[in-house]
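A structural walkthrough
So the chains spell out like this:
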Amino acid sequence: MMFRAGKKQAKDVYLYEPIGADKEGNEISLLDIIESLDEDIVDSLSLKENVTSLYQFIDKVLTRREKEIIVLRYGLFRQEAVTQREIADMMGISRSYVSRIEKKALYKLKQSFKKA
């Protein structure tokens, strides 16, 4: 009877059970081999769609100054992201004014996404 029960369990495979070792001597489990880091296709397509919408909204909804600040601040259109202080120095305005313009522009973009 014990041998029969053992036969049934002999076919069981566990994901965390060691199945060997790598070159450095670390144990490798079945989970390490079958684990996939592939990105979810739905999330990837959704992100691409949202980025496309964002760029359209930036051109459509924001003023020239708001667009310039958002592009500089977040490094859009292959620009390097810069700080509010650097933007303020470039435009000859205060950092707090840059902050207000940025906040207003982000609000406009958020509203555009809600409507879409």
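Now for a quick tour of the structure. (Residues numbered from 1 in each chain as written. Predicted model: local features only at pLDDT ≥ 70, side-chain atom pairs only at ≥ 80, totals over all residues. Heavy atoms only, no water.)

Quick notes on the overall build of the protein chain
- Each helix and strand counted, the protein chain has 6 helices and 2 strands in total.
- In sequence order, the secondary structure elements of the protein chain are arranged as α-β-β-α-α-α-α-α.
- Long-range pairs, those at least 24 residues apart, make up 34% of the contacts in the protein chain between residues at least 6 apart in sequence.
- A total of about 9,700 Å² of accessible surface is found on the protein chain, and carbon and sulfur atoms cover 54% of it. (Helix = DSSP H or I, 4+ residues; strand = E, 2+ residues; numbered from the N terminus. Contact = heavy atoms within 4.5 Å. Areas by Shrake-Rupley, 256 points an atom, 1.4 Å probe, with all protein chains shown as cover.)

Topic: the side chain of S29
- Relative to the helices and strands, S29 is located in strand β2 (residues 27–29).
- In this structure S29 comes out as buried when scored by relative accessible area, which is 9%.
- Beyond its immediate chain neighbours, meaning those up to four positions away, S29 contacts L15, Y16, E17, P18 and I19. (Buried < 20%, exposed > 50% of the residue type's maximum accessible area, 1.4 Å probe, protein only.)

Here we look at the pairing of strand β1 (residues 18–21)
- In this sheet, β2 lies alongside β1 in antiparallel orientation, the contact comprising 3 bridges. Paired with G20 across the bridge in β2 is I28.
- Linking two consecutive strands that pair antiparallel, namely β1 and β2, is a turn of 5 residues; a positive phi of about 90° is found at G25 within it. (Pairing = 2+ DSSP bridges.)

Focus on the environment of V61
- Among the secondary structure elements, V61 is positioned in helix α3 (residues 41–61).
- A relative accessible area of 29% means that V61 is categorised as partly exposed.
- Remark: the alpha-carbon pair of V61 and Q111, spanning 50 residues in sequence, is separated by 9.9 Å.
- Beyond its immediate chain neighbours, meaning those up to four positions away, V61 contacts K108 and S112.

Read these as geometric descriptors, not functional statements.
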